[in-house]
Amino acid sequence: MQSNSSTTHAAAASPLPLAGIRVVEFTHMVMGPTCGMVLGDLGAEVIKVEPIGGDKTRTLLGAGAGFFPMFNRNKKSLGLNLKSVEGVEIALQLGASADVVLHNFKPGVLDKLGLDYARLRQHNPGLIYANHSGFLPGPYEHRTALDEVVQMMGGLAYMTGRSGDPLRAGSSVNDIMGGMFGAIGILAALLERTRTGKGQEVDAALFENNVFLVGQHILQYEVTGQAASPMPERISPWGIYDIFTVQEGQQVFLAAVSDSHWQTLCRILDWPDLLANASLASNNDRVRARDAWLLAELRQRLAHRSMTEITSLFEQHGLPYARITRPEQLLDDPHLTATHGLDTVHLVDGIHAGKPVHAALLPLRLNHQRLHTRHNPPALGEHTQEILHSLGIPDTALQDWYQRKIIA
């Protein structure tokens, strides 16, 4: 396919940190693509190697409909048949030209194709090779892992749901963070390469990522001798740290995590009796009163107050609060609008091709600037000719390979 990449933001005046770094990714789903997206956002040239039919997340429905447009911006697409001798040879040439190769296939899949680290480093000793897998090497490493699988076996679903009702977190937290940790490892390896000239293998895994997420609860048990209760049933360390229902059934999270917060809350809501109550003087006093009577009393008092009144008072006096918000409502969030936290990209697949949508940017700034989407998620094979020309492959070979479905 001829390149017709749409650039959504003009190139920055100064190069991004990873400008000049070539990344080749053999990825699908979320974990590997997240790692490549992070590196691409930071300025690397990221080449997404896709099967001839394309990454299957291009056409997922339901909860998967956002996978491809979210995690594949700032990349180039090369359609390649790795079941052919010529396709593997092209992949080997790509690996020889790369600074980084990353994948998230099961252990052994790329080894069978001769695209493992041991072979690639023979021709490219400075190569960083990142494996994104379900488990780090060990007894579980050959299991098939999904985000939900490791949430169930790693304690996160237990902590998120109520007792007897484990519940996965409301996002692909392990896939996304696993890709981020892969990127962190790659960045560290690139820095070390500047000192040694040598590459190395990097491993990131879903299960170990999940264990990191629940590490605070593991330590809570070791420190206190008591197992952590699921989050909906936990003993809060704060007197006021809860969701309340106000007028018209609207919900708001309110917190008072210090004695000064509590005093301010009582004053602005005109509760002199609670402010004067000596049994509520300290945070620990309020924790002891929470379930006994305090929360029920506060729920009754807040039920007739309006959302606008409460949030305005909390805003004015610097108290923690949050309206309960659905993800789609963030499209109109004034802070995200002002800080350019959502970037426009155009869909490239299916009946919605060409439609502008909004993708969340990395939650950071460099030199006071957000890392914008420079290129839309690519169409399948959009950059095949450009990439193969960079390897010195002539047009005559490309024409033959297109006809034989070696490339797309």
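Residues numbered from 1 in each chain as written. Predicted model: local features only at pLDDT ≥ 70, side-chain atom pairs only at ≥ 80, totals over all residues. Heavy atoms only, no water.

(A) Structural detail: the overall build of the protein. When you go through the protein residue by residue, the secondary structure sums to 17 helices and 13 strands. The principal-axis extents of the C-alpha atoms in the protein amount to approximately 85 × 45 × 40 Å. Considering the protein as a whole, with its 408 residues, one finds that 44% of them fall into the buried category. If you average the places of the 34 positive and of the 40 negative side-chain charges in the protein, the two averages end up 1 Å apart. (Helix = DSSP H or I, 4+ residues; strand = E, 2+ residues; numbered from the N terminus. Buried < 20%, exposed > 50% of the residue type's maximum accessible area, 1.4 Å probe, protein only. Lys, Arg positive; Asp, Glu negative; His and termini not counted. Charge placed at Lys NZ, Arg CZ, Asp CG, Glu CD.)

(B) Quick look at the packing of helix α1 (residues 31-41) against helix α8 (residues 173-196). The interhelical angle for the contact between α1 and α8, taken along N-to-C directions, is 50°, at an axis separation of 7 Å. By the angle between their directions, the pair α1 and α8 is classed as oblique. The element α1 and its partner α8 pack so that their crossing is right-handed. Each of M31, T34, C35, V38 and L39 in α1 lies in contact with α8, whose residues at this interface are D175, I176, G178, G179, M180, G182, A183, I186 and L187. Looking at the contact of α1 with α8 residue by residue, the classes come out as 9 nonpolar, 4 polar and 1 charged. (Axes fitted to C-alpha atoms, helices over the stretch in contact; angles between N-to-C directions. Parallel < 35°, antiparallel > 145°, perpendicular 65-115°, else oblique. Left-handed = near helix turned anticlockwise from the far one by under 90°. Contact = heavy atoms within 4.5 Å. Nonpolar A, V, L, I, M, F, W, Y, C, P; charged D, E, K, R; others polar.)

(C) Main features of unusual backbone geometry. A positive phi angle is found at N74, which is not glycine, with a value near 55°. Its place among the elements puts N74 in the loop between α2 (67-71) and β3 (76-79). Accessibility expressed as a relative area gives 3% for N74, which makes it buried. Positive phi, normally seen in glycine, also occurs at N367, with a value near 55°. Within the secondary structure, N367 sits in the loop between β12 (365-366) and β13 (369-370).

(D) Up close: the packing of aromatic side chains. Tallied over the full model, the rule gives 7 aromatic pairs. A centroid spacing of 5.1 Å and a plane angle of 85° characterise the contact between Y241 and F253, whose relative ring orientation is edge-to-face. Of this pair, Y241 sits in strand β7 (residues 240-245) while F253 sits in strand β8 (residues 251-256); the two residues are 12 residues apart in sequence, bridging distant segments of the chain. Note on F253: relative accessible area 23%, which makes it partly exposed. For the pair F314 and Y321, a centre-to-centre distance of 6.4 Å together with 75° between the ring planes defines the contact as edge-to-face. You can call Y321 partly exposed: its relative accessible area is 29%. (Phe/Tyr/Trp six-rings, centres within 6.5 Å; stacked < 30°, edge-to-face > 60°.)

(E) Structural view of the nonpolar core. Of all hydrophobic cores here, the largest spans 29 residues; its most connected members are F26, L388 and W401. Counting only elements with at least two residues in this core, the list comes to β1 (22-26), β2 (45-50), α3 (85-97), α5 (117-123), α16 (384-390) and α17 (395-403). Per element, the largest residue contribution to this core is 5 residues, and it comes from α3. Excluding residues that lie within four positions of it along the chain, F26 makes contacts with V49, L82, A91, V101, L102, H103, N104, F105, L110 and L115. (Core = buried A, V, L, I, M, F, W, Y, C linked by side-chain atoms within 4.5 Å.)

(F) Seen up close, a nonpolar patch on the surface. Together, Y140, L146, V149 and M153 make up an exposed nonpolar region whose accessible area comes to about 320 Å². Here L146 shows up in the loop between β5 (128-133) and α6 (147-153). (Patch = residues over 30% accessible without salt bridge, like charges linked within 9 Å, V, L, I, M, F, W, Y side chains within 5 Å. Areas by Shrake-Rupley, 256 points an atom, 1.4 Å probe, with all protein chains shown as cover. Salt bridge = Lys/Arg side-chain N within 4 Å of Asp/Glu carboxyl O.)

(G) Region of interest: the sheet that holds β5. As summarised here, the arrangement of the 6 strands in space is β3-β2-β1-β4-β5-β6, forming an open sheet in which the pairing is parallel. In this open sheet, the two edge strands, each paired with only one partner strand, are β3 and β6 (200-205). Along the sheet, successive strands turn relative to each other by an average axial angle of 20°, direction set aside. Two strands pair when backbone bridges link them, and β2 and β3 are joined in this way by 4 bridges, in the parallel orientation. Among the inter-strand pairings, V49 is bridged to a residue of β3, identified as L78. Its contacts with the sheet place α3 against β1, β2, β3 and β4 (100-103), and it is angled at close to 145° to β1. (Pairing = 2+ DSSP bridges.)

(H) Representation of the sheet that holds β7 within the structure. Pairing is antiparallel across the open sheet formed by 3 strands, whose spatial order is β7-β8-β9. Because the sheet does not close on itself, it has two edges, and the strands there are β7 and β9 (321-323). Taking the axes of each pair of neighbouring strands and ignoring which way they run, one obtains an average angle of 15° across the sheet. Sheet topology note: the β8/β9 ladder contains 3 bridges and is antiparallel. For L254, the partnering residue across the bridge sits in β9 and is Y321. The sheet contacts of helix α13 (residues 283-302) involve β7 and β8, and relative to β7 the element is tilted by about 15°.

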